[in-house]
2 protein chains.
Amino acid sequence: MRKHLLPLTALLSATALTAQEKAAVPSPPEIVNAAPKADWVAIAPSDLMVMDLTPDTKGKPRRVVIQLMPAPFSEGWVSNIRKLAAARFWDGLSINRVQENYVVQWGDANGEDQAKARRLPDGLAVVPESAYELPVSRPAFCRSGDLAVCRQPGAINHDTINSRNGSMHDPYRGNDGFWRGWPVAAEMPTVSIIPGDRNEPSTVWPVHCYGMVGVGRDMPPNTGTGAELYTVIGHAPRHLDRNIALVGRVIEGIEHLSSLPRGTGALGFYETAEERTPIVSVRIGTEVNGLPAYEYLSTESASFARYADARANRRDAFFIRPAGGADVCNIPVPVRRVK
Amino acid sequence: MRKHLLPLTALLSATALTAQEKAAVPSPPEIVNAAPKADWVAIAPSDLMVMDLTPDTKGKPRRVVIQLMPAPFSEGWVSNIRKLAAARFWDGLSINRVQENYVVQWGDANGEDQAKARRLPDGLAVVPESAYELPVSRPAFCRSGDLAVCRQPGAINHDTINSRNGSMHDPYRGNDGFWRGWPVAAEMPTVSIIPGDRNEPSTVWPVHCYGMVGVGRDMPPNTGTGAELYTVIGHAPRHLDRNIALVGRVIEGIEHLSSLPRGTGALGFYETAEERTPIVSVRIGTEVNGLPAYEYLSTESASFARYADARANRRDAFFIRPAGGADVCNIPVPVRRVK
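Draft legend 1. Structural context of the overall build of chain A. A count of helices and strands for chain A gives 7 helices and 15 strands. Across the 339 residues that make up chain A, the buried fraction comes to 63%. The contacts in chain A between residues at least 6 apart in sequence include a share of 69% that link residues at least 24 apart. If you sum the accessible surface of chain A, you get close to 12,200 Å²; carbon and sulfur atoms cover 54% of it.

Okay, structure coming up:
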């Protein structure tokens, strides 16, 4: 039997593996599927944000589930977003922009028109530019060993992932890795090219991988409230790191955004109101009846270490050339509904 | 006036720049728009492949224009693809798979069923695994200085792009860069971490960036004919480099593929024939009446060097933190219709 499509099979699913592959080195999905329950971390419903769009042309519901970033990252913006959801700010607004290989953006299509713009709720914080990154000296970091880029023994960071080929640095900055389930990067106080070097990073920030959710802003870096949000639907636009706040990631239903028709206006904006997909409601998970429970694979777990290594060095049957490395955005953190 | 959406504006278009931005350091699009005609390279119609899908639900035509890779890359597969197009192999076949953040694949939905599979034209070459990469000793390389990764003076490669932060290596292999308009990577005979090191690469291969077109194959690496093709619609799956042949890239109309509904079957395959988008025809550009002329910005030009530097170090008005580097897939090669 010809299996035209097998080549891409082994990469993202264990469901279609052949006997030959099952007998080979485990694929990343096989490693994830075999991870013990203890390696999975529950996501609190209070850290979920559920955006329901109008049903599609066939009447199918379109629900997008977003996981908000945990403290200490982006706390000011996430707090604003909780206030906006509580105020039902987004209800009846729309998806206004879909730009190919870049972003989908939603919010108030009339936001630039003072007369028509929807009023923002009171009490939104003005978050300073300094919050785009966090000093590692902050107690939350490099203390318990849960920040991978702090290079604790067994931590998953750019070096441990890429050491096989001597690659020392994320092209974007000194080091990248994972922290409590999130892709992050860190700047080293002095850039070192010595293998095994153990400089501590000076600051850490979340990075713009596919599906990450960010905050649109005006030119001054403190003008993003959280009312205008976007998600990445293309190759990681890492140049946005530390220039725009990241507040979460889509963990389910991103296809309802990424498969929308591209806008034909500048930057992928829709040119007519009819093209915009209406947002029925945006709610924090605790307000949504019947919401499934979700969990992510601990990025500090042995299972994740094996998964990351397998993503960087595919040895399952299909592959003839393990890459010898991977970038942080090509090691998506596994998230699943709790069985 | 509030400009919620400006933050993402400056990144990808010169059309919406403010006066403040225009007065600032040129953005990548501004650099591209200002590139002299001499820095653009015409794409021969014989190197284009045009795939027309059935019109969309509103009756709008859906045309996808693919640029085939030039020799010496993937010559055997590209030759097969020309034979397949000449034989009208794809006419009446369909888009069979759309997998979120991964690939769109087209060809014969019955390809695995010997009784129903469309017959392949005679004379297709069996291309060996060795063709996935090319030795640099091949005369085409490192002779005229047109291979960036050969590090000729002024060549654009990973080091020249990322030298600002001391990043020496593509996480995937020793070096990456551009060659005659295409993103490529190279393996160094010995991995060096010494800045300014001038090791020559031993082999070079094209890489899986967004929009690149590749050849599906069975488990044996020489089984891909070119009849089953896919394009990348997500974060660069660089682990496929040298494991699957790359034969071109989509230069226009990729939104007609990337915005298709995701398949609900394993690996994003459509579960019913009705979900598949029919392919009306696939033709080489020389067979298409009224096809526009296209050109790409020479990756060996001074304009591209400025563009790549600007992509890696955004200094136009919106940015508060230049990234200090970029990965090869975040520096898309500019392609345009000839004015």
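Draft legend 2. Inspection of the packing of aromatic side chains at higher detail. All names here are of chain A. Within the structure shown, the criterion is met by 10 aromatic pairs over all chains. With 6.0 Å between their ring centres and 80° between their planes, F89 and W90 make a pair best called edge-to-face. With a relative accessible area of 4%, F89 lands in the buried category. Ring geometry for F318 versus F319: centroids 5.3 Å apart, planes at 85°, classification edge-to-face. Take F318 and F319: they sit in the same class, and that class is buried. In this structure an aromatic cluster arises from ring pairing among F178, F304 and Y307.

Draft legend 3. Region of interest: the sheet that holds strand β1 (residues 40-43) of chain A. Residues and elements named next belong to chain A. As summarised here, the arrangement of the 3 strands in space is β1-β14-β15, forming an open sheet in which the pairing is antiparallel. Each edge of the open sheet carries a strand with a single partner, namely β1 and β15 (335-337). With direction set aside, neighbouring strand axes in the sheet form an average angle of 35°. Relative to β15, strand β14 (residues 294-297) runs antiparallel, the two being bridged by 3 bridges. Its bridge partner lying in β15, Y294 is registered against R337.

Draft legend 4. Region of interest: the pairing of strand β9 (residues 203-206) of chain B. Residue and element names in this part refer to chain B. Taking every second residue as pointing to the same face, both faces of β9 are buried, with T203 and W205 on one and V204 and P206 on the other. Across 2 bridges, strand β6 (residues 134-135) lies against β9 in antiparallel orientation. Paired with L134 across the strands is V204, a residue of β9.

Rules used in this analysis
- Note that residues are indexed from 1 along each chain, following the sequence as it is written.
- Lettering of chains starts at A and numbering of ligands starts at 1, both following the order in which they are written.
- Given that this is a predicted model, residues contribute local features only at a pLDDT of at least 70 and side-chain atom pairs are listed and counted only at 80 or more, while totals for whole chains, interfaces and linings are drawn from all residues.
- In computing side-chain values, all of the structure's heavy atoms are included and hydrogens and water are not.
- Put simply, DSSP H or I for four residues or longer makes a helix, DSSP E for two residues or longer makes a strand, and each gets a number counted from the N terminus.
- Buried, partly exposed and exposed residues are distinguished by accessible area as a fraction of the type maximum, computed with a 1.4 Å probe on protein chains only: under 20%, between the cut-offs, and over 50%, respectively.
- Only heavy atoms enter the contact rule, under which two residues are in contact if any of them lie within 4.5 Å.
- Here the open area of atoms and residues is found with the Shrake-Rupley method and a 1.4 Å probe, where only the protein chains shown may cover a residue.
- Centre distance within 6.5 Å is the pairing criterion for rings of Phe, Tyr and Trp, where only the six-membered ring of Trp is used; planes under 30 degrees apart are then read as stacked, over 60 as edge-to-face, and the remainder as tilted.
- In this description, strands pair whenever DSSP reports at least two bridges between them.
- For helices, the axis comes from a line fit to the C-alpha atoms of the stretch in contact; other axes are also lines fit to C-alpha atoms, and the angle between any two N-to-C directions lies between 0 and 180 degrees.

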